[in-house]
Every structure is written in structure tokens, then in C-alpha cells.
Amino acid sequence: MITVHHLNQSRSHRILWLLEELSLPYDVVYYQREKSMLAPPSLKRIHPLGKAPIVTDDGLTLAESGAIIDYLEERYDSAHLFSPADSLSDNGVRYRYWLHYAEGSLMPLLVMKLIFGMLGKPPVPLLARPLGAMVGKGVQQQYLNPQLATHRQYVEDHLTLYPWFAGEQFSAADIQMSFPMEGLISRFGAEGFPKIQAFVAKIQSRPAYLRAQAREEKK
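Please read these numbers as outputs of a predicted model, since none were measured by experiment. (Residues numbered from 1 in each chain as written. Predicted model: local features only at pLDDT ≥ 70, side-chain atom pairs only at ≥ 80, totals over all residues. Heavy atoms only, no water.)

Student: Please clarify how a nonpolar patch on the surface should be interpreted in this entry.
Tutor: Together, L131, M134 and V135 line one region of the surface with nonpolar side chains, adding up to about 300 Å² of accessible area. Within the element layout of this structure, V135 appears in helix α4 (residues 129–161). With a relative accessible area of 41%, V135 lands in the partly exposed category. (Patch = residues over 30% accessible without salt bridge, like charges linked within 9 Å, V, L, I, M, F, W, Y side chains within 5 Å. Areas by Shrake-Rupley, 256 points an atom, 1.4 Å probe, with all protein chains shown as cover. Salt bridge = Lys/Arg side-chain N within 4 Å of Asp/Glu carboxyl O. Helix = DSSP H or I, 4+ residues; strand = E, 2+ residues; numbered from the N terminus. Buried < 20%, exposed > 50% of the residue type's maximum accessible area, 1.4 Å probe, protein only.)

And the structure:
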């Protein structure tokens, strides 16, 4: 039995969603973030880094969303329902690119925007908050927002050419891209970017996405 170690408000939803798309049975172990928003120390008993998602399966313990998706696809999707059969085809190359782009290029910027946006708020000491807010605002305006604007347009242009990230068919690359796309809209907005908005609307209406969401919220 596959077990997903799920942390609330985390990337874990992507793994639950893929398992639902694959119609695979799985168990969920739930973890709650602490007041600091960090994962609880108990996750380190499963994996030394103590970060979700973590999957255990047949004696294997695996972390990192992209690696988990690769593993599940290779082991359980022999029909290639959610990944291209030919990894060197145009679809296969696009699939691999977006699977890595999500965490390698886009998510670091979104995480930095979140962190710099918190510099003027608790738990930053009260006296340091005005300076923290000024630094955070400056970094966002001068660096993060222009970078995110470039990425947002890049993604919009790609989705203008293709309905899904790997091409004409929905794939696990779309599952991997879901978290940064939802984060991009919530933290930076997507007004004037109809393809990004349409993509998020499409994925959030998929039955497997909704089943994963219900499973995620079940404690």
C-alpha cells in the first residue's frame, strides 16, 4: 500500500491528485504545520529533511514532488495515461521540462515573494518591522515582481500554443505545474492572462483533483 505523508498547505496535494488520476489505493498520514508555518519535527522520522510530500511504498521512502511523480508514473502508469510514451518526442521533452521548471524556476521566486512579504509582520520583532517591510517591499519591486512578470508571460505564451503543458493531452506535468500556477494567481494575480486562468479553472474542475482535495481535508 502506498502511503502519502501529507502536510497541510503544502505540495502534497499534487501527489494525492496523481494517485486519484491513476485510481491507485493509498493511505494518508496527516501532519499539521506549527505556528511558525514549519513542518512538525515528526516528519523527520520519515525523512531526514522533514518536508512533505513524502511517499512510502514497498520499503521505499521517497521525497520531492518531481521524483515522486516520476516514480509513480514509471511504476504504475504502464499505459502512459499521464506521461508521454516516447520521452524524446516533442511531447516528452515538453513534459520533462515543465516537470522540472515548476520547482526549479518558478517556485523559488514565489517562495521568496512570500518570505519578503512577511518581513514587516510577526514573528519579526516589532522594532525591526518597519525596516523589514521597507527591505521586503524594495526586493519585491526591484527584483521579484519583474522576474515573476517575465515568468507569467512565458507561461501564458506557452499555454496560448498548447492546451496543456506537455502538448495536446493532460499529463502529470500539469499536476506538477498546478501548485505554482495556483500560487502565481494568489500572490501575483492573473488579470489579463486568460490562458493561465483557464488552466487553473480546468484543473480545479477535474474529478480526481476534487477527490484529492476531499481526501486532503479529511482528518
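There is more to say after this.
Student: Honestly, the sheet that holds strand β4 (residues 60–63) in this entry has me stumped. Any pointers?
Tutor: Pairing in this open sheet of four strands is mixed, and the strands run β2-β1-β3-β4 from one edge to the other. Two strands lie at the open edges of the sheet, namely β2 (26–31) and β4, each paired on one side alone. Taking each pair of neighbouring strands and ignoring which way they run, the sheet shows an average axis angle of 20°. Sheet analysis places strand β3 (residues 54–57) next to β4, joined by four bridges and oriented antiparallel. Looking at the pairing, I54 lines up with A63 of β4. The strands touched by helix α2 (residues 65–76) are β1 (2–7), β3 and β4; relative to β4, the strand with the most contacts, the crossing angle is about 135°. In the packing of helix α7 (residues 207–217) onto the sheet, contacts are made with β1 and β2, and the angle to β2 comes to roughly 50°. (Pairing = 2+ DSSP bridges. Axes fitted to C-alpha atoms, helices over the stretch in contact; angles between N-to-C directions. Contact = heavy atoms within 4.5 Å.)

Student: Just checking my understanding: could you explain the packing of helix α1 (residues 12–21) against α2 for this structure?
Tutor: A packed helix pair is summarised by two numbers, namely the angle formed by the two axes and the spacing between the axes. As a packed pair, α1 and α2 sit with axes 10 Å apart at the nearest point and diverge in direction by 10°. The angle between α1 and α2 falls in the class roughly parallel. Contacts from R14, I15, L18 and L19 in α1 reach S65, I68, I69, L72 and E73 in α2. Looking at the contact of α1 with α2 residue by residue, the classes come out as six nonpolar, one polar and two charged. (Parallel < 35°, antiparallel > 145°, perpendicular 65-115°, else oblique. Nonpolar A, V, L, I, M, F, W, Y, C, P; charged D, E, K, R; others polar.)

Keep in mind these values describe shape, not function.
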